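This is what each chain is made of:
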Amino acid sequence: MQFLYSGQAVTRTAETVDNVMLYITGIGVVLLLGITAAMIYFVFKYNRKKGHKPVDIHGNIWLEIIWIGIPTILVMSMFYYSYIGFKELRDIPEDAFEVDVTARMWDWTFDYANGKSDDTLFVPLGESVKLNIRSRDVNHSLFIPAFRVKEDAVPGYTNYLVFDASKTGTYEIACAEYCGLKHSMMYTAVVIMPKEKFNDWYNKIEEPDTNNVADKKEGNEG
């Protein structure tokens, strides 16, 4: 199965996470350049010279307000934008399409309300999707890099995450919590399908494999 490039922002949450990351990185770069430039300036301006008499600075109320106020504003703004992204993952739309997710060593199972079950997650394009995530054995973590979402699967507890897919395609799902010998092989996919195509898949009745049943019957009779 061929996955699309996971660096693409496929959901609204992914766009929010990317923007928050760029915002925090931008602030960090500006501070780095500013502090470095100030250090270089002070090295040359205040280097030791003969005849220079040092003077003690006893306090500067405006300077203290600035170096406390500006970092506080920057940190609070980063917290605010990060909280917006987190809130999108926790707010459940009333019309969300729900899928039950079961993790076990070392695979995933996705169960739908109409009784369909698959080891690949199929979801409709443009709809909010809620995943109810459980584990049958040990701790796992459902991670969809292209969606920028990750949620733990914990035994005895049901976690959830919400996303809305805005681009069709096939994207990888990985386990992001070490869960045993074959942890590195615990991959599957989420397939985002146009609404009509998804409805055809969702409403299709799986017919039993009569040839396989006949072969088993003949083997038992023999």
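Anything mentioned here points back to the structure above.
Counting of residues starts from 1 at the beginning of each chain's written sequence and follows it residue by residue. Thresholds applied to this predicted model are a pLDDT of at least 70 for local features of residues and 80 or more for the giving and counting of side-chain atom pairs; totals over whole chains, interfaces and linings are not thresholded and use all residues. Where side-chain values are given, they derive from all heavy atoms of the structure, hydrogens and water being excluded.

Participant: Break down the side chain of K116 for me, citing the residues and quoting the values.
Facilitator: Position of K116 relative to the elements: it lies in the loop between β2 (107-111) and β3 (117-118). Each residue gets one of three labels from its accessible area relative to the maximum for its type: buried under 20%, exposed over 50%, partly exposed in between, using a 1.4 Å probe on protein chains only. Take K116: its relative accessible area is 11%, and that puts it in the buried class. At a separation of 3.4 Å, a polar atom in the side chain of K116 contacts the main-chain carbonyl oxygen of K204. Only DSSP runs of H or I covering at least 4 residues are called helices, and only runs of E covering at least 2 are called strands; the numbering of each starts at the N terminus. Under this definition, polar contacts are N or O atom pairs within 3.5 Å; protein pairs additionally need one hydrogen-donor-capable and one acceptor-capable atom, and for neighbouring residues in sequence, both atoms have to be side-chain atoms.

Participant: Quick rundown of the pattern of salt bridges? Include the residues and the values.
Facilitator: Any Lys or Arg side-chain nitrogen located within 4 Å of an Asp or Glu carboxyl oxygen qualifies as a salt bridge. As enumerated under the stated definition, the model contains 6 salt bridges in all. Here K195 and E127 are joined by a salt bridge, their closest N and O atoms 2.6 Å apart. With K195 in helix α3 (residues 195-203) and E127 in the loop between β4 (121-124) and β5 (128-135), the pair connects residues that are 68 residues apart, well separated along the chain.

Participant: So, a nonpolar patch on the surface: which residues are in play, and what are the values?
Facilitator: Together, M76, F79, Y83 and F86 make up an exposed nonpolar region whose accessible area comes to about 460 Å². Structurally, the position occupied by F86 is in helix α2 (residues 61-90). Without a salt bridge and with relative accessible area above 30%, a residue can belong to a patch; like charges are then joined within 9 Å and nonpolar side chains (Val, Leu, Ile, Met, Phe, Trp, Tyr) within 5 Å. We get accessible surface area from the Shrake-Rupley algorithm with a probe of 1.4 Å; when it comes to residues, only the shown protein chains can shield them.

Nothing here speaks to function; it is all geometry.
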